[in-house]
Amino acid sequence: MNGTQMSSEQIRNAISGPPEVEWRYEMRRQCQEIIPGLYLGPFVASKDLPTLQNLHITHIVCIRDAKEAFSVKPRFPDLFKYMVLDVQDNEEQNLIRLFPNAKTFIDEAINRGGRVLVHCNGGISLSPSFVVMFVMQHYRLSWEDALHFVQNRRYCISPNGGFLTQLKEYEAIYRAKNALAAYPQMTERAARRKRSDDSDDEDEGVRCVVTLFVTLTFILMCLKDG
């Protein structure tokens, strides 16, 4: 996703925040660009057609409590591509299970040169949690750094306690996935070493890699079940 790449210095500055930002109360009714091509805001922002067009929005992720479906819904289905996620806006709602499809939707949109607005009703807790998970995985950040990253662009966000717990859990999940993704390369290198030098030390190295794989798989399964 070339359009969203940032240098290490830019990421550090985004986490620490700009030195002076004038945040006004009415800005919570607007959407803010979190990373290039990805915007976060409330439902009211998704109804502002002139602004959406000025920002060149092409895709919208509408995250709503199931009870809000009659009012929080796509307003311009002929102009934008929508993903609608019906959830329970409470601390027990499992966001981790819903996030992969949302991430794929966002990735594909931006990869094709589009711009995405992610919103819930207020843009305070529910939709920011999805955006924090996206930023966390995309830039390989801790959950706290990702939260600061997003909060420094939309100051009013405040994920509820249950969502914060899931952000912590998701950090472990995505890091485990990254480690598992590297496993084939690790075993290939180990196999090459084994062929060139059939030593007990190298056998032990292979066994360590296998143990790491099993352990990470177990952690990942436990977190998903939780």
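Before reading on, note that the structure itself is shown above.
Residues numbered from 1 in each chain as written. Predicted model: local features only at pLDDT ≥ 70, side-chain atom pairs only at ≥ 80, totals over all residues. Heavy atoms only, no water.

It is worth spelling out the overall build of the protein at this point. Across its full length, the protein holds nine helices and five strands. Along the protein, helices and strands appear, N-terminal first, in the series α-β-β-α-α-β-β-α-β-α-α-α-α-α. Within the span of the protein, comprising 226 residues, buried residues form 44% of the whole. A separation threshold of at least 6 residues defines the contact pool for the protein, and within that pool the share at least 24 residues apart is 70%. Approximately 12,100 Å² of the protein is accessible, and the part contributed by carbon and sulfur atoms is 50%. (Helix = DSSP H or I, 4+ residues; strand = E, 2+ residues; numbered from the N terminus. Buried < 20%, exposed > 50% of the residue type's maximum accessible area, 1.4 Å probe, protein only. Contact = heavy atoms within 4.5 Å. Areas by Shrake-Rupley, 256 points an atom, 1.4 Å probe, with all protein chains shown as cover.)

With mixed pairing, five strands are arranged side by side in an open sheet as S1-S2-S5-S3-S4. Looking at strand neighbours, the two that pair on one side only are strand S1 (32-35) and strand S4 (81-87), the edges of this open sheet. For this sheet, the mean inter-axis angle between neighbouring strands, taken without regard to orientation, is 25 degrees. Here strand S2 (residues 38-41) runs beside strand S5 (residues 116-119); their pairing, made up of four bridges, is parallel. Bridge assignment links Leu 40 to a residue of S5, and that residue is Val 118. In the packing of helix H4 (residues 99-111) onto the sheet, the strands contacted are S2, strand S3 (59-65), S4 and S5, and the crossing angle to S4 comes to about 165 degrees. (Pairing = 2+ DSSP bridges. Axes fitted to C-alpha atoms, helices over the stretch in contact; angles between N-to-C directions.)

This part is about a positive patch on the surface. A contiguous patch of positive charge on the surface is contributed by Arg 29, Lys 47, Lys 73 and Arg 75. By the secondary structure assignment, Lys 47 is in the loop between helix H2 (43-46) and helix H3 (49-54). In this structure Lys 47 comes out as partly exposed when scored by relative accessible area, which is 37%. (Patch = residues over 30% accessible without salt bridge, like charges linked within 9 Å, V, L, I, M, F, W, Y side chains within 5 Å. Salt bridge = Lys/Arg side-chain N within 4 Å of Asp/Glu carboxyl O. Lys, Arg positive; Asp, Glu negative; His and termini not counted. Charge placed at Lys NZ, Arg CZ, Asp CG, Glu CD.)

Below, the discussion takes up the pairing of S1. Across three bridges, the pairing between S1 and S2 is antiparallel. Bridging across to S2, Gln 32 finds its partner in Leu 40. Hairpin connection, S1 to S2: the antiparallel pair is bridged by two residues, and Gly 37 has positive phi, about 90 degrees.

For the rest of this paragraph, the subject is the packing of H4 against helix H5 (residues 126-139). Direction vectors running N to C along H4 and H5 enclose 70 degrees, while the axes themselves pass 11 Å from each other. Overall, the two elements H4 and H5 adopt an arrangement that is roughly perpendicular. Note on packing geometry: the crossing formed by H4 with H5 is right-handed. Note on element contacts: H5 touches H4 through Phe 130, Met 133, Phe 134 and Gln 137, opposite Phe 99, Ala 102, Lys 103, Ile 106 and Asp 107. When grouped by side-chain class, the residues that make up the contact of H4 with H5 number six nonpolar, one polar and two charged. (Parallel < 35°, antiparallel > 145°, perpendicular 65-115°, else oblique. Left-handed = near helix turned anticlockwise from the far one by under 90°. Nonpolar A, V, L, I, M, F, W, Y, C, P; charged D, E, K, R; others polar.)

All right, on to unusual backbone geometry then. Phi angles above zero are rare outside glycine, and His 56 is one such case at about 60 degrees. With respect to the helices and strands, His 56 occurs in the loop between H3 and S3. Residue His 56 is classed as exposed on the basis of its relative accessible area, which comes to 53%. Unlike most non-glycine residues, Arg 140 shows phi in positive territory, near 55 degrees. Following the sequence through the fold, Arg 140 ends up in the loop between H5 and helix H6 (143-151).

This paragraph deals with the nonpolar core. Among the nonpolar cores identified, the biggest contains 45 residues, and Leu 38, Ile 63, Val 135 and Phe 149 are the most heavily contacted of them. If you tally residues by element for this core, the top one is H5, at nine residues. Excluding residues that lie within four positions of it along the chain, Ile 63 makes contacts with Leu 85, Val 87, Val 118, His 119, Cys 120, Asn 121, Leu 126, Ser 127 and Phe 130. Ala 45, Leu 52, Ile 60 and Phe 80 belong to the second largest nonpolar core, which has 10 residues in total. (Core = buried A, V, L, I, M, F, W, Y, C linked by side-chain atoms within 4.5 Å.)

Turning our attention to the packing of aromatic side chains. One pair of aromatic rings is described through two measures. These are the centre distance and the angle between the planes. A full pass over the atoms with the stated rule returns six aromatic pairs. Residues Tyr 139 and Phe 149 carry aromatic rings whose centres are separated by 5.8 Å and whose planes lie at 25 degrees to one another, so their mutual orientation is stacked. Residue Tyr 139 is found in helix H5, and its partner Phe 149 is found in helix H6; the two are separated by 10 residues along the sequence. Following the ring pairs from residue to residue traces out a cluster consisting of Phe 99, Phe 130, Tyr 170 and Tyr 174. Residue placement shows Arg 153 over the ring face of Phe 149; its charged tip is 4.7 Å from the ring centre. (Phe/Tyr/Trp six-rings, centres within 6.5 Å; stacked < 30°, edge-to-face > 60°. Lys NZ or Arg CZ within 6 Å of the ring centre and 35° of its normal.)

Structural measurements only, silent on function.
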